Amino acid sequence: VCFIPGGSDCSISFVSHVLGKVCVHGRQKEILGVLVPHLTDLTKSDCVWQRICWRLVECVPDRWMEAVVLGFVQGAPGADVLSRLLGNLVVKNKKAQFVVTQKMLLLQYGHTTAVLQNLLGYLSLDSLRRTLLLRVLQELLETWSSSSAVKHSPAEQQLYISKAILICLSHLKEPEIESCRQELLTSMMEGVKCHLDSSLPQLRRLGMVVAESISLKINTEGPVLKFEYEEDDETRELKSLLVQTPPLCVVPSFLDDESEKADAALPLVPESNEKPHTAAPMMPDEELDAELDSDDDLTPYDMSEDKELKIKAPVYIRDCIEVLTGSRSEDVDKWEATVKALEGLVRKNPAATREVSVELAKILLHLEEKTCIEGFVELRQRAQVAVLTIDPIPVAKYLTSQFYSLNYSLRQRMDILDVLVLAAQELSCPKFHGKTKHSGAQKPCIQLLRGSDSSKDWRRIVDERIKSKTRRFDMGQSHVELASRPNEFNSVAGHFFFPLIQHFDRPLTTFDLLGEDHLVLGRLVHTLAILMYLAVNTMAVAAMGKALLEFVWALRFHTDSYVRQGLLSCISSLLLSVPTERILADMTEELLETQSWLGDVMEKDPDGDCRRLALQNLLLMENLKKKLEAIPS
């Protein structure tokens, strides 16, 4: 660093121009990686160098200001260092203010959490800049609570905005919270509703965490919001952002390091001294309670010969129906034993099951948990799947008709979809033999996932299907040989598929798939995609494919990303399951239009999974085209 002797005046605008030019040409890391550490040391205790540094960034032309500010924010080791380097630049320069308060927070979402903490911490360290912090928080909350933004923004941007909101909240002081308490409450109520309406579990969890944090800030003495959700690394990171880390712990400023350590250690001394005083008065009370609660005079019962009574489960299907519906339903132990034994009885007695299959399916669909039986939902589902696989056609007709009936909860309708998929998988997949065979190609095994993770499961299914069609020149690995038997799903695929696709556009009083019940619509679309995939080599696959393509075309512009992911999965299943000859004969024009739509999705869809699925479908279409060109005319 050069020094100018004699107190001469000088201009550093040329240096500012050079700095801006270098940064705008993509060399921020190289120049600021050297400049920022030097300026950090020089401005630590010298106010003259602070003014020089402020002047250096203020003289950067507006057309290069964004690159310079971004480089400083990313390169500064802490918010207090950034405050020393930039000063009140965001107050003096409109371009810098736009970059810091708008572009980096609302228009971009690729910056790290550390950059966000630098940026918002910088705004909080000066009284002139705190007004901008409050304005930024208000705009972030408006975006977070906008239903349109939740629907059309990618999940990564929603996470980025949520982190920024929590960091802003950590910097607010009590008078500032009091002044905007009503605005925070209004934004919280609107935002949590938008997020809970989303079909994506990640967005629902984001809404819960942010709403809990806002409630904790505005209700310091009263009750706060509390949601039930499974914590993961993401939620733990979000909650940690609400606790502000003192900037002096990151980068030392004007205070001496030794004095900071001494001051930080002072509160620990009285705390350790208080512990014996708080514990001592409790000793007499504890001894008194121990004397009062003493039961040494009571003689214990001899329970060594006691044995647990075992309830015998029913051995006939009709007995099970009587227990689940009749007068014996009051016997809780008998009811539990029946629920646990029902699946095995159904599979051991197929003839008896067919006589009462529809009645049994109706009972299981409406069956509610009467006791706290472990794994009740899974036991009921397995029994439903067993009934459906034993007598597919009448039970499938009943379940698909009930899916669009009145007086069913959304949970029951999604249970119907799960049972149909699991039964279709069981009917379509041959069982394993004990002997092994040496082979290089292995048929993918499908394992359906629970809940709303069907899109992830579908991507795994498609990847495995593509992998199974890839030739690999190696010796392969030994695996269990599949049984050679007819595909039982062949004759019943239409009964599973077509009733589900018929009435999706007819709203009911309590059920509107094209309206507010888009979560069930997403599950329906993913179910149709999996049924289409499982129908490969069946007689009805061509008709199913054509109907599915028309269904996709009607919903291709749906606003919910989970539904769009399912629609793109439907296209993948169609291309993988329908024979090439039938695609050319029945769906050529539709596929050309679909190809154009897939190109738009790949380029413009805000959801990253949708873009990836669209690209995958275009590659499948390209492979189909190459296969056709290879066939001699």
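Per an unreviewed UniProt entry, the protein chain carries the name Telomere length regulation protein TEL2 homolog and comes from Struthidea cinerea.

Colleague: Sorry if this is basic, but what is going on with the nonpolar core here?
Modeller: Nonpolar side chains in soluble globular proteins tend to end up buried together. Counting residues in each nonpolar core, the largest one holds 95 residues, and the members touching the most others are F403, F489, F496 and L524. For this core, the element with the most residues is helix α28 (residues 518–534), which contributes eleven residues. Residues lining this core come from more than one domain, with at least three contributed by each of domain 3 (318–428) and domain 4 (496–630). If sequence neighbours within four positions are ignored, F489 has contacts with A424, L427, S428, F496, L531, L534, A535 and T538. Counting residues in each nonpolar core, the second largest holds 76 residues, with F72, L120, L123 and C168 among its members.

Colleague: Explain helix α25 (residues 410–428) here, please?
Modeller: Owing to its 3.6 residues per turn, the α-helix brings residues three or four apart onto one side. End to end, α25 covers 27 Å across 19 residues, agreeing with the expected 27 Å (1.5 Å per residue, within 8%). Counting buried positions along α25 gives 16 out of 19 residues, so the element sits mostly inside the fold.

Colleague: Sorry, what's going on with the pattern of salt bridges here?
Modeller: This structure, assessed with the given rule, holds 24 salt bridges. In this structure, R382 engages E343 in a salt bridge whose closest nitrogen and oxygen atoms are separated by 3.0 Å. Here E343 lies in helix α20 (residues 332–348) and R382 lies in helix α23 (residues 376–390), a separation of 39 residues in the sequence. Residues R382 and E378 are paired through a salt bridge, measuring 3.8 Å at the closest nitrogen-oxygen approach. Of this pair, R382 and E378 both sit in helix α23, four residues apart, which is roughly one turn of that helix. Of the residues examined, R382 reaches a relative accessible area of 36% and is grouped as partly exposed. Owing to a relative accessible area of 42%, E378 belongs among the partly exposed residues under this scheme.

Colleague: Would you take a moment to explain the packing of helix α22 (residues 357–366) against α23 for this structure?
Modeller: Packed helices, taken two at a time, are described by the angle their axes make and the gap between the axes. Orientation of α22 relative to α23, taken along the N-to-C sense of each, is 160 degrees, at an axis distance of 10 Å. Relative to α23, α22 is oriented roughly antiparallel. Here the hand of the crossing between α22 and α23 comes out left-handed. Residues S357, L360, A361, L364 and L365 of α22 touch α23, and the partners they reach there are R380, A383, Q384 and V387. Counted by class, the contact of α22 with α23 contains six nonpolar, two polar and one charged residues.

Colleague: Would you mind going over the packing of aromatic side chains with me for this structure?
Modeller: Inspection of every chain in the model, using the stated rule, returns five aromatic pairs. Ring centres of F489 and F496 lie 5.4 Å apart, and the angle between their planes is 80 degrees; this geometry places the pair in the edge-to-face category. We classify F489 as buried; its relative accessible area is 0%. One cation-aromatic arrangement involves R63 over W64; the distance from NZ or CZ to the ring centre is 4.4 Å.

Colleague: What's the story with α22 in this structure? I'm lost.
Modeller: Three or more residues of α22 are buried, namely S357, L360, A361, I363, L364 and L365. Residues of α22 that are buried sit in contact with α19 (317–325), α20, α21 (350–355), α23, α24 (392–403) and α25.

Colleague: Can you walk me through the confidence of the model for the protein chain in this structure?
Modeller: Reading predicted coordinates in detail is not appropriate for stretches of low pLDDT. Looking at the protein chain as a whole, its pLDDT mean stands at 80, while 77% of the residues score no less than 70. Ignoring residues within four places in sequence, the model shows residues 247–284, a span with pLDDT below 50, making 23 contacts including any to other chains. The low-confidence segment residues 432–455 (pLDDT under 50) makes 64 contacts with residues lying over four places distant or belonging to another chain.

Colleague: Help me out: how do you make sense of the environment of L576 in this one?
Modeller: Positionally, L576 belongs in helix α30 (residues 561–577). Placed 44 residues apart in sequence, L576 and L620 show a C-alpha to C-alpha distance of 8.2 Å.

Colleague: Teacher, can you tell me more about the packing of α23 against α24 here?
Modeller: It is at 6 Å that the axes of α23 and α24 come closest, and there the two elements cross at 125 degrees. For the element pair α23 / α24, the angle class is oblique. Contacts between α23 and α24 pair V387, L388, T389 and I390 from the former with P392, V395, A396 and L399 from the latter. Of the residues belonging to the contact of α23 with α24, the class tally is seven nonpolar, one polar and no charged.

Colleague: I would appreciate a short explanation of the side chain of S561 in the present structure.
Modeller: As for its position among the elements, S561 is in helix α30. The contacts of S561, once residues within four sequence positions are left out, are L200, D607 and C610.

Rules and cut-offs
- Residues numbered from 1 in each chain as written.
- Predicted model: local features only at pLDDT ≥ 70, side-chain atom pairs only at ≥ 80, totals over all residues.
- Heavy atoms only, no water.
- Core = buried A, V, L, I, M, F, W, Y, C linked by side-chain atoms within 4.5 Å.
- Buried < 20%, exposed > 50% of the residue type's maximum accessible area, 1.4 Å probe, protein only.
- Helix = DSSP H or I, 4+ residues; strand = E, 2+ residues; numbered from the N terminus.
- Domains from an automatic or database assignment.
- Contact = heavy atoms within 4.5 Å.
- Expected span 1.5 Å × (residues − 1).
- Salt bridge = Lys/Arg side-chain N within 4 Å of Asp/Glu carboxyl O.
- Axes fitted to C-alpha atoms, helices over the stretch in contact; angles between N-to-C directions.
- Parallel < 35°, antiparallel > 145°, perpendicular 65-115°, else oblique.
- Left-handed = near helix turned anticlockwise from the far one by under 90°.
- Nonpolar A, V, L, I, M, F, W, Y, C, P; charged D, E, K, R; others polar.
- Phe/Tyr/Trp six-rings, centres within 6.5 Å; stacked < 30°, edge-to-face > 60°.
- Lys NZ or Arg CZ within 6 Å of the ring centre and 35° of its normal.
- pLDDT = per-residue confidence, 0-100.

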